[in-house]
2 protein chains.
Amino acid sequence: MVQDELYMKEALHQASLAFSVGEIPIGAVITYNDTIIATAYNLRESLPCATAHAELLAIEKACRTLQRWRLTGCTLYVTVEPCPMCAGAIVNSRLDRLIYGCPDPKGGAVHTLFQILSHPQLNHHPEVIAGIQQESCANLLKDFFRQRRQKKKGSLT
Amino acid sequence: MVQDELYMKEALHQASLAFSVGEIPIGAVITYNDTIIATAYNLRESLPCATAHAELLAIEKACRTLQRWRLTGCTLYVTVEPCPMCAGAIVNSRLDRLIYGCPDPKGGAVHTLFQILSHPQLNHHPEVIAGIQQESCANLLKDFFRQRRQKKKGSLT
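Residues numbered from 1 in each chain as written. Chains lettered and ligands numbered in written order. Predicted model: local features only at pLDDT ≥ 70, side-chain atom pairs only at ≥ 80, totals over all residues. Heavy atoms only, no water.

A. Fine view of the pattern of salt bridges. Residue and element names in this part refer to chain A. Under the counting rule described, the total for this entry stands at eight salt bridges over all chains. A salt bridge links R44 to E45; the shortest N-O distance between them is 3.5 Å. A relative accessible area of 42% places E45 in the partly exposed class. Here the salt bridges share partners, and the residues they tie into one network are D4, R97 and E127. (Salt bridge = Lys/Arg side-chain N within 4 Å of Asp/Glu carboxyl O. Buried < 20%, exposed > 50% of the residue type's maximum accessible area, 1.4 Å probe, protein only.)

As structure tokens, then:
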């Protein structure tokens, strides 16, 4: 869907904002009625707070915007496959759809380590689409970690 | 451990505060160096916010108190087995220990539906103790749902 590509572009922009403040570059967008109602990026180091992942911050903003905890009718776009915490928050918030960019081989909880969004005993199963702008999402992460390694190397010489 | 019983009592007190404002009665406490540094109870309906579970609110408070996202050296006490979101937040915050009261047969993500805290590919495995004051924790939930059913019945007659 063209719309999905457009909103993932905005999620990528959010991820680049995380990059610019030295955070692992992951960004998220939530839409409702084809309008963006929340944007966020990873702020774990800046706050500092262990729960300040892009998806969680976006879900909290969307709840404030709609003044309800059920995000029925909403779609979450995120550049990377959600971790267990964020996948659990997607179930808890009853989001209709999740669109993500690239897989997370180390902690992904939608397809990789766990399949939280499709567990038969959980009471909510959102539609999931993976791989939208996968390469751009993955490249941003690769650039970030490459730069971080170079900085570390530089500080050792 | 006597201390574990004492801190679970405070978590139960937090759960009773949730009960008194009409929230599903779940409470949490985080300790560091044998001192309580965060308390919280479920506020999903009151805020309203899908992520406002007792554990997540307590983790966020503890990060603010210690001004770091790594909660190394801390123990989380919670009256009910954490859901996937909260179990994921425990991994993300590197908490040393989790002590919980009663299991959650519908959504528990520590022993029941998932075993998030012991997954071999996740990078953190806290010590877990289950069943501390299990009956009191479960009874509070039972009382809450019984009262809610009676109120619903009352409003229908």
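B. Expanded view of the UniProt feature "domain: CMP/dCMP-type deaminase" (unreviewed entry) in chain A. UniProt feature "domain: CMP/dCMP-type deaminase" (unreviewed entry): in the numbering of this structure it lies at residues 2–121 of chain A. For residues 2–121 of chain A, the end-to-end C-alpha separation is 33 Å, with 34% helix and 22% strand making up the annotated structure. (UniProt positions renumbered as here; feature names shortened; annotations may be inferred. Helix = DSSP H or I, 4+ residues; strand = E, 2+ residues; numbered from the N terminus.)

C. Focus on the packing of aromatic side chains. Summed over all chains, the structure comprises seven aromatic pairs over all chains. Judged by centre distance (5.2 Å) and plane angle (85°), the ring pair of F144 of chain A and F145 of chain A falls under edge-to-face. The exposure class assigned to F145 of chain A is partly exposed, which follows from its relative accessible area of 29%. Both rings, one in Y7 of chain B and one in Y77 of chain B, keep their centres 5.3 Å apart while their planes meet at 50°; by these two values the pair is tilted. You can see Y7 of chain B sitting in helix α1 (residues 2–20) and its partner Y77 of chain B sitting in strand β3 (residues 74–80), a full 70 residues away along the chain. By the burial criterion, Y7 of chain B is buried, and Y77 of chain B matches it. Here the guanidinium or amino end of R44 of chain A rests over the ring plane of W69 of chain B, the centre of that ring lying 3.8 Å away. (Phe/Tyr/Trp six-rings, centres within 6.5 Å; stacked < 30°, edge-to-face > 60°. Lys NZ or Arg CZ within 6 Å of the ring centre and 35° of its normal.)

D. Representation of the sheet that holds strand β1 (residues 27–32) of chain B in the model. Residues and elements named next belong to chain B. Taken in spatial order, the five strands of this open sheet run β2-β1-β3-β4-β5, and their pairing is mixed. Two strands bound the open sheet, and with one partner strand each, they are β2 (35–41) and β5 (127–130). The sheet shows a mean angle of 15° between the axes of neighbouring strands, direction not considered. Examined bridge by bridge, β1 and β3 share five bridges and lie antiparallel to one another. (Pairing = 2+ DSSP bridges. Axes fitted to C-alpha atoms, helices over the stretch in contact; angles between N-to-C directions.)

E. Summary view of the relation of the copies chain B and chain A. Here chain B sits on chain A after a turn of 180° about the axis and a move of 0.0 Å along it, with an RMSD of 0.0 Å. What the superposition gives is, in effect, a two-fold axis relating one chain to the other. Proximity to the rotation axis, assessed at the C-alpha, singles out M85 of chain B in chain B; its C-alpha lies 1.9 Å from the axis. Here 97% of the interface residues in chain B have copies in chain A that are interface residues too; the copies meet face to matching face. (Least-squares fit on C-alpha atoms with pLDDT ≥ 70 in both. Contact = heavy atoms within 4.5 Å.)

F. Looking closely at the pairing of strand β3 (residues 74–80) of chain A. Residue and element names in this part refer to chain A. Counted residue by residue, β3 has seven buried out of seven residues, so it is predominantly covered. As paired strands, β3 and strand β4 (residues 97–102) are joined by five bridges and run parallel to one another. The residue bridging V80 from the neighbouring strand is C102, located in β4. What joins β3 to β4 is helix α3 (residues 84–92), and the crossover it makes is right-handed. (Right-handed = clockwise from strand over helix to strand, strands pointing away.)

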